[in-house]
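Coordinates in review
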Amino acid sequence: MASVTFKVWRGDIDGGEFKNYKTDISEGMVVLDALFQIQADAANDLAIRWNCKAGKCGSCSAEVNGYPRLMCMTRMSSLPQDKPIKIEPMKSFPVIKDLVCDVSWNYEAKRRIKKFKPRKPDAADGTWRMQQEDVDRVQEFRKCIECFLCQDVCHVLREHHLHEHFIGPSLLVYTAALEMHPLDVEDRTEDLRKHQGIGYCNITKCCTNVCPEHITITDNAIIPLKERLVDKFYDPLKKILNLFSGKS
Amino acid sequence: MAYTDTLQRSSFGQTERQDSWWIQPLAIFLGFSAFIIYSTWAAFQGDNYHFGPYLSPFYSPEIFGGSSHSLFGPKPGWWPLWLPFSPAFLILWVPVGFRLTCYYYRGAYYKAFWGDPPACAVGEPRKKYRGEASFPLIIQNIHRYFLYLALMLIIFLTYDVWNALWFVDPATGQKSFGLGIGTFVLAANVILLSCYTLGCHSLRHLVGGFTDKFSGSPVRLKTYQCVSCLNKRHMFWAWMSLFVVGFSDIYIRLCAMGIWTDWRIL
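Just so you know, these numbers come straight off a predicted model, no measurement behind them.

Cut-off values and rules
- Residues numbered from 1 in each chain as written.
- Chains lettered and ligands numbered in written order.
- Predicted model: local features only at pLDDT ≥ 70, side-chain atom pairs only at ≥ 80, totals over all residues.
- Heavy atoms only, no water.
- Helix = DSSP H or I, 4+ residues; strand = E, 2+ residues; numbered from the N terminus.
- Buried < 20%, exposed > 50% of the residue type's maximum accessible area, 1.4 Å probe, protein only.
- Contact = heavy atoms within 4.5 Å.
- Areas by Shrake-Rupley, 256 points an atom, 1.4 Å probe, with all protein chains shown as cover.
- Lys, Arg positive; Asp, Glu negative; His and termini not counted.
- Charge placed at Lys NZ, Arg CZ, Asp CG, Glu CD.
- Domains from an automatic or database assignment.
- Buried area = accessible area lost by both parts, 1.4 Å probe.
- Salt bridge = Lys/Arg side-chain N within 4 Å of Asp/Glu carboxyl O.
- Core = buried A, V, L, I, M, F, W, Y, C linked by side-chain atoms within 4.5 Å.
- Polar contact = N/O pair within 3.5 Å; in protein donor to acceptor, adjacent residues only side chain to side chain.
- Pairing = 2+ DSSP bridges.
- Expected span 1.5 Å × (residues − 1).
- Disulfide = S-S within 2.5 Å.

Once that is clear, we can look at the overall build of chain A. Secondary structure assignment for chain A yields 10 helices and seven strands. By its C-alpha atoms, chain A is 70 × 40 × 25 Å across when sized along the principal axes. Split into buried and exposed, the 248 residues of chain A put 56% on the buried side. The long-range fraction of contacts in chain A, counting pairs at least 24 apart against all pairs at least 6 apart in sequence, stands at 61%. Carbon and sulfur atoms form 50% of the exposed surface of chain A, whose accessible area is close to 11200 Å². Of the side-chain charges in chain A, 36 are positive and 35 negative, and the distance between the mean point of each set is 3 Å.

Below, the structure written as structure tokens:
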């Protein structure tokens, strides 16, 4: 059993500092286990948000050695233990206390995205028919657990704090799931350009790299949405062709 | 108090990351810089770009030029005297534009050259950020037009591989079938460039990504799946094709200069 030092950020919205804690690590432990031990032994008032401890609720997002991760899915054996392990809250959101952030902005921004608007029912009983090949693409997006690690690592939010102008990768995945849904008839391209700031994304793929559900956020959600915007706003040839084919 | 008022901003390069995050952007910076310097130099040379049946991909198609590969004869009379001429000038802007506006390359060079950001979760050099939402980077949306031209180049480069199979006997002047190392180099070049170009994000959109309904269109679905398959390894194809297109020019150039010998297999 090895003794490992943790530097855990302690504080609230007014500021804080890193505090050192030592705890014993045994085989199979994850970072969240170690923090539970610290909470039990040395820091009873340490605030941590967690729920499932199985990488499915998306609650225990934090930065482990400077990289956004789910604490419950980060094995201690994957981290160098010869120097202190730094644990801090996500940087794209205001801190409430210690490792707990106020992520409410994500839900408010999500509410502003145009809702699912299905076409008229296919059958007289008010139901629809969909083929598997039509929903294959959007099923990937449904894996999102709203851990907001992608929002945390996105430099547009993290460094430039453009929350007012850009909804971030997580909500672009949500928008893609609606926009590419075979039943949906709503058009969100104008909003994506004007209000949700998809143009701010410069395709660094950091969001894809940190996604614990391995959603290919940039290639499968953001870039296809960007291409749909090109169709509508930036492709004169397409506009001319649409004019002749009678499409709007 | 606004939601973001208490958020902190990192200074340039500031991070708590303990891994060697700087290696990837540095490698990309060095790789791109080496290619840009070499390709610019090679384009300005205007000679040693063809050898036997081989034509350097930097110069293909040779619209005007002094070699037997030229489509419309030598340098045109209307070309301004004060402007240096090289057949590469007429064509190299197409692959350059295609790669410059490519989604993979954009993400890579924004990090490596602009530090926007230098790496994930690492502080940036500038406070202001406009991304691709406004001028000048909004121009990146032109990518699909470069794609159309790049697809045409693939046809010409494939034709160059065909030409690279027919060698002229210096004694008789007769053309005969043959295989040289250069034939394989040019074939590898066109295969890798095809894998890169056919895996383009814009092409993926144009062949099927634009629609929400694949059922009832099996050909469209299959095409979309094929492009998506190549697209998954777009970064790999981007680097491999970049390396081999540069090597193809080096190979032909060194053969033309008499430094390397083109070994004939057949």
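On we go.
The next subject is the domain arrangement of chain A. Interface size is commonly expressed as the accessible surface area that is lost when the partners come together. All names here are of chain A. The domains assigned to chain A are domain 1 (2-101) and domain 2 (104-245). With centres defined by C-alpha atoms, the gap from domain 1 to domain 2 works out at 31 Å. Taken residue by residue, the interface counts 16 residues in domain 1 and 18 residues in domain 2. Carbon and sulfur atoms supply 54% of the area buried between domain 1 and domain 2, which totals about 1200 Å² over both sides. It is P68, S92 and F93 in domain 1 that bury the most area against domain 2; as a group they hold 42% of the surface buried on that side. Where domain 1 touches domain 2, the interface holds two salt bridges. E63 is the partner of R158 in a salt bridge, and the nearest nitrogen-oxygen pair spans 2.7 Å.

Counting 78 residues, the largest nonpolar core has A:F6, A:L35, A:M71, A:M76, A:I87 and A:F141 as its most contacted members. Here this core spans two domains, and each of domain 1 (2-101) and domain 2 (104-245) of chain A adds at least three residues to it.

A word on the interface of chain B and chain A. At the junction of the two partners, chain B supplies 50 residues and chain A supplies 58 residues. Of the roughly 4500 Å² buried where chain B meets chain A, counting both sides, 53% is carbon and sulfur surface. Looking at the side of chain B facing chain A, the largest losses of area belong to B:Y3, B:Y129 and B:D212, adding up to 17% of the total buried there. Applying the counting rule to chain B against chain A returns seven salt bridges. With its nearest N and O atoms 2.6 Å apart, the salt bridge here joins A:D231 to B:R144.

What follows covers the side chain of A:N220. Along the chain, A:N220 turns up in helix α9 (residues 217-234). A:N220 gets classed as buried once you look at its relative accessible area, which sits at 16%. A distance of 3.0 Å separates a polar atom in the side chain of A:N220 from a polar atom in the side chain of B:R204.

What follows covers the pattern of salt bridges. Between side chains of opposite charge, a pair can form as their charged atoms come close. If you walk through the whole model with that rule in mind, you get 29 salt bridges over all chains. The partner of B:R106 in a salt bridge is B:E132, and the shortest N-O contact between them spans 2.8 Å. Remark: B:E132 occurs in the loop between α3 (103-114) and α4 (143-163) and B:R106 occurs in helix α3; sequence separation between them is 26 residues. With relative accessibility at 0%, the residue B:R106 sits in the buried group. Note that B:R253 and B:D249 form a salt bridge whose closest N and O atoms lie 3.1 Å from each other. Of this pair, B:R253 and B:D249 both sit in helix α8 (residues 234-256), four residues apart, which is roughly one turn of that helix. Each of the two residues, B:R253 as well as B:D249, counts as buried. Connected through shared salt-bridge partners, A:E227, A:D231, A:D235, A:K238 and B:R144 make up one network.

Attention shifts here to unusual backbone geometry. In this chain, B:S60 is followed by B:P61 through a cis amide linkage whose omega measures -5°. Examined against the element boundaries, B:P61 turns out to sit in the loop between β2 (54-55) and α2 (93-100). Cis rather than trans, the peptide bond between B:D116 and B:P117 has omega equal to 5°. Looking at the secondary structure, you find B:P117 in the loop between α3 and α4. The backbone of A:E146 sits at a positive phi, close to 55°, despite the residue not being glycine. In this structure, A:F148 is a non-glycine residue whose phi angle is positive, near 65°. Looking at the secondary structure, you find A:F148 in the loop between α3 (132-139) and α4 (149-153).

Quick look at the pairing of strand β3 (residues 61-64) of chain A now. Residue and element names in this part refer to chain A. Burial along β3 is two-sided: S61 and E63 and A62 and V64, pointing in opposite directions, are all buried. Here β3 pairs with strand β4 (residues 67-70) via four bridges, running antiparallel. What sits directly across from A62, in β4, is R69. Linking β3 to β4, which pair antiparallel, is a turn of two residues; within it N65 sits at a positive phi near 50°.

Time to look at α8(B). Over its 23 residues, α8(B) runs 33 Å from end to end, which matches the ideal 33 Å to within 8%, given 1.5 Å per residue. Two residues or fewer after α8(B) comes B:G258, characterised by a positive phi angle close to 80°.

Inspection of the entire model under this criterion finds one disulfide over all chains. A sulfur-sulfur distance of 2.0 Å marks the disulfide that ties A:C206 to B:C120. Residues A:C206 and B:C120 are joined by a disulfide whose S-S torsion is about -85°; by sign, that bridge is left-handed. Within this pair, whereas A:C206 is found in helix α8 (residues 206-210), its partner B:C120 is found in the loop between α3 and α4, the two belonging to separate chains. Free of any disulfide, A:C52 has its nearest cysteine sulfur in A:C57, 3.6 Å distant.

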